Amino acid sequence: MAEYKLLTQHIGADGLQTRAGYERLGGYQGLREVFRRFTPEQFIEQVKLSGLRGRGGAGFPTGTKWSFLPKDVFPRYLCCNADESEPACFKDRYLIDENPHQLIEGVLIAAYALQVHHAFIYIRGEYHDQRLLLERCVEEAGGAGYIGRNILGSGFDCEVIVHGGAGAYICGEETALIDSLEGYRGQPRLKPPFPALKGLYGKPTVVNNVETLSNLPHIVLRGGDWFKGIGTERSTGTRVWCVSGHIERPGCYEMENGRPIRELLEEEAGGVWQGRRLKAFQPGGGSMQVLLPEHLDLPLDMDAVMKAGSSLGAGAMMFMDETTCMVNVSMRLVDFYHHESCGKCVPCREGTYFESDLMHRLEAGTCKPEELATLSDICDNMNGKCFCPLGDTATWFVMSAYQAFREEFEAHCGAGGCPVRGGARTAALVGAS
Amino acid sequence: MTAAPPPGDGQVGLVIDGREVRVPKGTLLLDAASEVGIHIPIYCAHPKMDPVAVCRMCLVQVEKLPKLQPACATVVSEGMVVDTQSDATAKAREGMLEFLLLNHPLDCPVCDRGGECDLQDFAFRYGPDTSRFPITEKVHFDKAVPLSDKIELDQERCILCWRCVRYYDEITGEKEIVLQQRGVHTAVATFDGQPLRSDYQGNLPEICPVGALTHRQYRFKARPWDLIRTKGVCPECSYGCNVFVDSRDFEVKRFASRDNPMVDDMWLCDRGRYSATSWNSTSRLRRPLVRDAAGGVRDVGVADAVKEAARRLLAVSERGGGEVIGVLGSPDCTNEEAWLLQRLAREVLRTPHIDHQLAEMLRLGPAEHALGIAEIESCTAVVVLGPEPEVNAPVLTLRLHKAATKRGVAVHRVAANAEPRDITARVGDARLVGVVADETNRARAAAVASALAGGGTAVKRMTVTRGGNGRGVKDMGLLPDLAPGYRPAVPAGMGGRAILESATSGSIQALLLLHAGGVLAGLGALVESALRIAKVVVVIDTKPGVLADAATVLIPGHSLMEKQGSVTNLEGRVQRIRAALPPATSVPSELRVLSMLAGALGAEGWGSGDLMEVHRALAADVPAYAAAGNGGRARWEVAAA
Ligand SMILES: Cc1cc2nc3c(=O)[nH]c(=O)nc-3n(C[C@H](O)[C@H](O)[C@H](O)COP(=O)(O)O)c2cc1C
Ligand code: SF4
Ligand code: SF4
Ligand code: FES
């Protein structure tokens, strides 16, 4: 099974967070080799060949995204998206904490492929320690000639700037990230133009996730063709899964794409805790639709999960045991989106407020039965009509839960309190993610 | 539609609600729809600003696309099929309105905007009948927060359309308004809590689609349906911004902008906009009177006043000839009044001494006025000499900003006394350069223009004339050396200052002053001694003051809000004004009074002084005005600068 550990293979090794420790385990060889083996165009071809898709949530093919940059427009910019604020997601933090130089190496390789001379790592405000760690590592790497002028004698120059966000989920959305990086209020921009054409400072820009970039050193060293051999046809490579909820061993687990979800739950995470039964789970992070125990045999494959009505999103997996109140979980998630709505567009700003108000009354058992129709209706008025995906996704979990657990929602109406045992505990869990 | 037009004609064909439309490539769906008269409700979109697509009110169905699309931000494409009336569209509109009203205070009965509010109107037309949201759960903000001495904000009514923020970003560039907080707590605020300082704040309540931003001047003054709306032209400067004069109970309550893309582009300056209520002053001249040599004053009817004026003017001219009479109009005269006044002076009184102001302004030529306001946008570069042009015609600043930011025009603001050589160097290579200067800097502007033209660049000048109709009265020949239409006046006479000085020295014995109160105000000794020494002072004016006090014959006039006629802006655009208020005096119009006076002086064929008659005669005399019609520019052949 060892072959599918790529990004996490050395985690736990002594001194991996230092340049020397990383180099001892083959670190920065990818950077050396990318200069030796590939022109920038050739490496973009390798990434296309590898089938690597973005790990930030949308799963867009990385090589294709890179090839959208208009030829001959310079400067261009690269932004590494380390804003990771999706509920139940914590893999980027793990990758930074445990293997920061792997990310920096990935950033530099991407910068070379894209001919970028200023790369930014935009890191979530709450990841304070990780920011300090990255700043230290960038300095270390610079001292060793991996960053700056004429990197490793290749003639290629690149600076890496670590920039801390101020704690807004929306700043993970790529155009809001760019706005925030430019010093504005972090809010999504109107697309088109897409960042590939007009991004940071109005110049062509690529935004990639931490995990996406961390794959690059491996693709350099072992080739796109080799990478393509891992996982499934359209979900290549591995992913680092953030497993949380009612399980024995919550944490990050790297696993090859294509294995069944059940393996992740039962073998890696030790199964549902306290011998209880699984009631439901949410893949992909707080935005995605609920799945049921019958979906456990689905493969970890973006298309397969999409077909089942949900998404692997940013690689989270939150399991809920039989005591969980689905109304309560929905309420907590809706609250998150209400709190994080940037306020730019009407349906998200007002809709999440309406949703949240209604869910609180439902959870408290004071909702009238006909208000469930109102809930569906306002979700319908939001979904697909918001300015950016945040508002749309604020309806996905609650609507899927309402469909799958209709009786539970109905039982809450006029009940004067939560009729399902265990609601309070779930609330604590979701709130802590 | 017939056969497909040739490809590459830059047009795109699409179908909206079953109607075929062809529009230029790059057109927004919203504009394509309005091209064929299809209304799509909007809040954040604004015709003068770039789209932001945040209100989602304009969502429409586009065939083959899974999601509804914002018409305000969707560029049309060939073969697009759009449905603005589908069930999905209607439901989305109803949904957005429910969201917009969720946290809205529903205080329409005490809101200035009630009756002309897009939220009210669209809620009525597209919105839900009832609310499903508990009224007790609304988010509240402070109400009626002053943002400056002019503007008040009611955040609860704000629908966060971003127009006010974008106005300051895009239109003035001053960035005085920001948004703070997020989600439902998002609120409009001034930068750093400072009061707004812009000279263009008054546009905010107009772009605000709801009653969130209101004029402090106009708060609780009227409901829109009580207002009587008259099309007018702002009288504050010669830029000639188009306005609606909104009055109620015979008082002007406000000036509202009336978009003329060639002139104001829908923006007014605060000086102009908030001058509205100054027209409500009751300190006015109402009855004609005649003063005798001993200082005795007689109230008379207008016919007697005119007769007396004629008698006294004839008395001095019989002895000394027409040359002993000086005539002064002002930029407060309409074109028709000015034209008639110069005719009276030159043809009836037979005096060449006529002007509209004191500063000497000889040998004016049409080349000084070649550049049109909107043409600024098609210049390569514009040179603005000193701060005066923008101080005297404030909305010019916004046009320059638009030219610079949206059209890529290089705007060079230079000191009025900068060396032409340096300016030429700074402009560098340019296809067409506009040179903008105040009329007091004519000579410098001419030097700069010829230096630029000497380098082979095409140059067009714009001269900012002073006073509301400062340009029109020049075109009409209220100048000592020029007759109407810039024809040389033979013989040339004395200018305004010389007329007053001659009155003091006794060589001018009679003064005829039409609406001259404004230009003569504050001149002190020169005016006082001229008025005291002149034997005959015939004054036609609106307000009490030095002139009225010194008049030997006083005939009340009408304010610009009480009369009809035309005025001409600094680029030569001839625009109509109409009466918005009832007259403060029963004396007939100035045109009629001047005609009566001509008759009393023995002139024949002057007619009754009807506006129509005078206007026709004026147009026949000045063909450029006939060609300009209503709203066009009067143009003359311009010799190279
Ligand atoms: C509301 C919202 C939040 C997002 N947050 C993140 C995030 O925290 N990290 C991330 O990598 N991508 C996030 N994304 C996705 C980014 O917009 C973008 O697609 C991604 O960073 C691209 O990187 P990738 O192609 O490597 O996946 C978010 C998107 C939305 C709409
Ligand atoms: S959907 Fe609208 S309000 Fe919500 S985060 Fe996106 S832009 Fe902001
Ligand atoms: S104050 Fe008016 S213009 Fe400004 S955002 Fe609110 S509704 Fe729009
Ligand atoms: S008018 Fe189109 S989204 Fe507001």
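Owing to the predicted nature of the structure, the values given are computational and were not obtained by experimental measurement.

## Focus: the pairing of strand 3 (residues 59–62) of chain B
Residue and element names in this part refer to chain B. Note: strand 3 against strand 4 (residues 69–70), two bridges, orientation antiparallel. By the bridge assignment for strand 4, Leu-59 is matched with Pro-70. Where strand 3 hands over to strand 4, the hairpin turn is made up of six residues, of which Lys-64 adopts a positive phi near 80 degrees. Where strand 3 meets strand 5 (residues 81–83), two bridges bridge the pair, whose relative direction is antiparallel. The partner of Gln-61 across the bridge, within strand 5, is Asp-83.

## Notes on the site of ligand 1
Residues and elements named next belong to chain A. Inspection of the region around ligand 1 gives 23 residues, with Gly-54, Gly-56, Gly-172, Asn-209 and Thr-212 positioned closest. At the level of elements, strand 4 (205–209) and helix 17 (389–393) are the ones that each hand at least two residues to the shell around ligand 1. By residue number, the principal contributor to the shell around ligand 1 is strand 4, which donates three residues. Tallied by class, the residues present in the shell around ligand 1 amount to eight nonpolar, nine polar and six charged.

## Section: the packing of helix 14 (residues 326–340) of chain A against helix 15 (residues 346–363) of chain A
Residue and element names in this part refer to chain A. Close contact between helix 14 and helix 15 brings their axes to 9 Å; oriented N to C, the two are set at 155 degrees. As summarised for this structure, helix 14 and helix 15 are arranged roughly antiparallel, according to the angle between their axes. Relative to helix 15, the crossing made by helix 14 is left-handed. Facing helix 14, whose interface residues are Val-327, Asn-328, Ser-330, Met-331, Val-334, Asp-335, Tyr-337 and His-338, helix 15 presents Thr-352, Tyr-353, Glu-355, Ser-356, Met-359, His-360, Leu-362 and Glu-363.

## Concerning the nonpolar core
Formed by 247 residues in total, the largest nonpolar core has its most connected members in Leu78(A), Cys79(A), Cys80(A), Val107(A), Val382(B) and Val383(B). Looking at which element gives the most residues to this core, the answer is helix 6 (residues 100–114) of chain A, with 10 residues. Among the nonpolar cores identified, the runner-up in size contains 71 residues, and Leu349(B), Ala510(B), Leu512(B) and Leu554(B) belong to it.

## Topic: the interface of chain B and chain A
Contacts between chain B and chain A engage 26 residues on the former and 22 residues on the latter. No other element matches the six residues that helix 2 (residues 87–102) of chain B contributes to the side of chain B that touches chain A.

## Examining the domain arrangement of chain B
Residues and elements named next belong to chain B. Under the domain assignment used here, chain B contains domain 1 (11–99), domain 2 (139–280), domain 3 (289–357 + 470–628) and domain 4 (366–464). Computed over C-alpha atoms only, the centres of domain 2 and domain 3 are separated by 38 Å. At the junction of the two partners, domain 2 supplies 14 residues and domain 3 supplies 15 residues. Among the elements of the structure, strand 11 (228–233) and strand 12 (242–248) are those that each provide at least two residues to the side of domain 2 that touches domain 3. Per element, the largest residue contribution to the side of domain 2 that touches domain 3 is four residues, and it comes from strand 11. By residue class, the composition of the side of domain 2 that touches domain 3 is eight nonpolar, five polar and one charged.

## Observations regarding the packing of helix 6 of chain A against helix 7 (residues 128–143) of chain A
All names here are of chain A. Between helix 6 and helix 7, the shortest axis-to-axis distance is 10 Å and the interhelical angle comes to 60 degrees. The pairing of helix 6 with helix 7 is recorded here as oblique in orientation. Our pair here, helix 6 against helix 7, has a crossing hand that is right-handed. Every residue of helix 7 that contacts helix 6 at Pro-100, His-101 and Ile-104 is listed here: Leu-133, Leu-134, Cys-137, Val-138 and Ala-141. Among the residues making up the contact of helix 6 with helix 7, the classes are represented as seven nonpolar, one polar and no charged.

## Structural notes on the domain arrangement of chain A
All names here are of chain A. In terms of domains, chain A is made up of domain 1 (2–228), domain 2 (238–321) and domain 3 (326–432). Computed from C-alpha coordinates alone, the two centres of domain 1 and domain 3 are separated by 35 Å. Facing the eight residues of domain 1 at the interface are eight residues of domain 3. Of the residues contributing to the side of domain 1 that touches domain 3, the split by class is six nonpolar, one polar and one charged.

## Re unusual backbone geometry
The omega torsion across Phe74(A) and Pro75(A) is -5 degrees, close enough to zero to call that bond cis. If you trace the backbone, Pro75(A) turns up in the loop between helix 4 (62–67) and strand 1 (77–82). Here the residue pair Val490(B) and Pro491(B) is connected by a cis peptide bond, since its omega of -10 degrees sits within 30 degrees of zero. Its location among the elements puts Pro491(B) in the loop between strand 23 (487–488) and helix 14 (496–505). In this structure, Asn150(A) takes a positive phi of about 45 degrees despite not being glycine. Within the secondary structure layout, Asn150(A) lies in the loop between helix 7 and strand 3 (159–164). A tally of 10 C-beta atoms within 10 Å means that Asn150(A) is categorised as exposed. Although it is not a glycine, Phe250(B) sits at a positive phi angle of roughly 65 degrees. Mapped onto the fold, Phe250(B) is located in the loop between strand 12 and strand 13 (251–257).

## Notes on the sheet that holds strand 15 (residues 297–299) of chain B
Residue and element names in this part refer to chain B. Across the sheet, seven strands lie side by side as 15-14-26-25-24-16-17; this open sheet has mixed pairing. Both outer strands of the open sheet, strand 15 and strand 17 (354–355), are each paired with one neighbouring strand and no more. Note that strand 14 (residues 289–291) and strand 26 (residues 553–556) share two bridges and pair antiparallel. Paired with Val-290 across the strands is Val-553, a residue of strand 26. Against the sheet, helix 7 (residues 302–320) engages strand 14, strand 16 (325–328), strand 24 (510–514), strand 25 (536–541) and strand 26, with an angle of about 140 degrees to strand 26. Against the sheet, helix 8 (residues 335–349) makes contact with strand 16, strand 17 and strand 24, and its axis sits at roughly 170 degrees relative to strand 16, the strand it touches most.

Thresholds, definitions, all that
Residues numbered from 1 in each chain as written. Chains lettered and ligands numbered in written order. Predicted model: local features only at pLDDT ≥ 70, side-chain atom pairs only at ≥ 80, totals over all residues. Pairing = 2+ DSSP bridges. Helix = DSSP H or I, 4+ residues; strand = E, 2+ residues; numbered from the N terminus. Near = placed C-beta within 6 Å. Nonpolar A, V, L, I, M, F, W, Y, C, P; charged D, E, K, R; others polar. Axes fitted to C-alpha atoms, helices over the stretch in contact; angles between N-to-C directions. Parallel < 35°, antiparallel > 145°, perpendicular 65-115°, else oblique. Left-handed = near helix turned anticlockwise from the far one by under 90°. Contact = placed C-beta atoms within 7 Å. Core = buried A, V, L, I, M, F, W, Y, C linked by C-beta atoms within 7 Å. Buried ≥ 20, exposed ≤ 12 C-beta atoms within 10 Å, placed from the backbone. Domains from an automatic or database assignment.

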